[in-house]
Amino acid sequence: MKVITTLIQSILSIALIGLLTLLTMLLVKKTVYLFQLVILETNRFSYYLLVDGILIYFLYFEFIALIVKYFEQNGQFPLRYFIYIGITAIIRFIILNHENALHTLLYAAAIFLLVKTLLLIQSDQFKQE
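Remember, it's a predicted structure, so these values are computed and weren't measured experimentally.

Caption draft 1: Layout of the packing of aromatic side chains. Tallied over the entire structure, the rule returns 5 aromatic pairs. Judged by centre distance (5.8 Å) and plane angle (65 degrees), the ring pair of Phe-77 and Phe-82 falls under edge-to-face. Residue classification places Phe-77 among the partly exposed residues on the basis of a relative accessible area of 36%. With a centroid separation of 5.1 Å and an interplanar angle of 90 degrees, the aromatic rings of Phe-93 and Tyr-107 are classed as edge-to-face. Pair noted here: Phe-93 is in helix H3 (residues 79-96) and Tyr-107 is in helix H4 (residues 101-121), with a separation of 14 residues, a long-range link. For Tyr-107, a relative accessible area of 27% puts it in the partly exposed group.

Caption draft 2: Looking closely at helix H1 (residues 2-40). Over its 39 residues, H1 runs 56 Å from end to end, which matches the ideal 57 Å to within 8%, given 1.5 Å per residue. Turning to H1, its buried residues number three or more, namely Ser-13, Leu-16, Leu-23, Leu-27, Lys-30, Leu-34 and Leu-37.

Caption draft 3: Broad picture of the environment of Lys-30. Tracing the chain through its elements places Lys-30 in helix H1. C-alpha of Lys-30 to C-alpha of Ile-56: the two residues are 26 residues apart in sequence and 8.2 Å apart in space.

Caption draft 4: Geometry of the pattern of salt bridges. Applying the stated criterion across every chain, the model contains 2 salt bridges. As a salt-bridge pair, Glu-72 and Lys-69 come within 3.4 Å of each other at their nearest N and O atoms. One end of the pair is Glu-72 and the other is Lys-69, both in helix H2 (residues 47-72) and 3 residues apart, which spans about a single turn.

Caption draft 5: Representation of H4 in the model. The terminal C-alpha atoms of H4 lie 30 Å apart, and with 21 residues this matches the ideal 30 Å at 1.5 Å per residue to within 8%. For H4, the complete set of buried residues consists of Ile-111, Leu-118 and Ile-121. Angularly, the buried residues of H4 cover 90 degrees about the axis, an arc narrow enough to put them on a single face. Projecting away from the buried face of H4 at angles above 90 degrees are the exposed residues Ala-101, Leu-102, Leu-105, Leu-106, Phe-112, Leu-113, Leu-119 and Leu-120. Measuring from the side-chain oxygen of the N-cap residue of H4 to the backbone nitrogen of Leu-102 gives 3.0 Å; that N-cap residue is Asn-100.

The rules behind each value
Residues numbered from 1 in each chain as written. Predicted model: local features only at pLDDT ≥ 70, side-chain atom pairs only at ≥ 80, totals over all residues. Heavy atoms only, no water. Phe/Tyr/Trp six-rings, centres within 6.5 Å; stacked < 30°, edge-to-face > 60°. Buried < 20%, exposed > 50% of the residue type's maximum accessible area, 1.4 Å probe, protein only. Helix = DSSP H or I, 4+ residues; strand = E, 2+ residues; numbered from the N terminus. Expected span 1.5 Å × (residues − 1). Salt bridge = Lys/Arg side-chain N within 4 Å of Asp/Glu carboxyl O. Arc of directions from axis to C-beta. Polar contact = N/O pair within 3.5 Å; in protein donor to acceptor, adjacent residues only side chain to side chain.

This is how it looks when you write it as structure tokens:
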């Protein structure tokens, strides 16, 4: 049974290294795109595209940080990183789809709930349990 667990853990580690490589390449590609958008393509420049690109950039960065933390903490994903990713993803979604005020309010409430959850899991009482 120990051999199977070790084999599965090795496969997971290899897959995460592959994912880390892919995300790093996409992060570099997004960096080049943002550079081109701001510096080179002034006639096509749009603040909408810039903000969208920056938020996607942060999502890549957060996923890369999550994978790095996984290896640093010996195979454990920290819950707070998933919350950070969720908050960033909802903010990006609100920026891209803000036509319906009720939906935007509900998304903002979801962000508030995620922030409250983040504060709860970082509290001293939760850490003791």
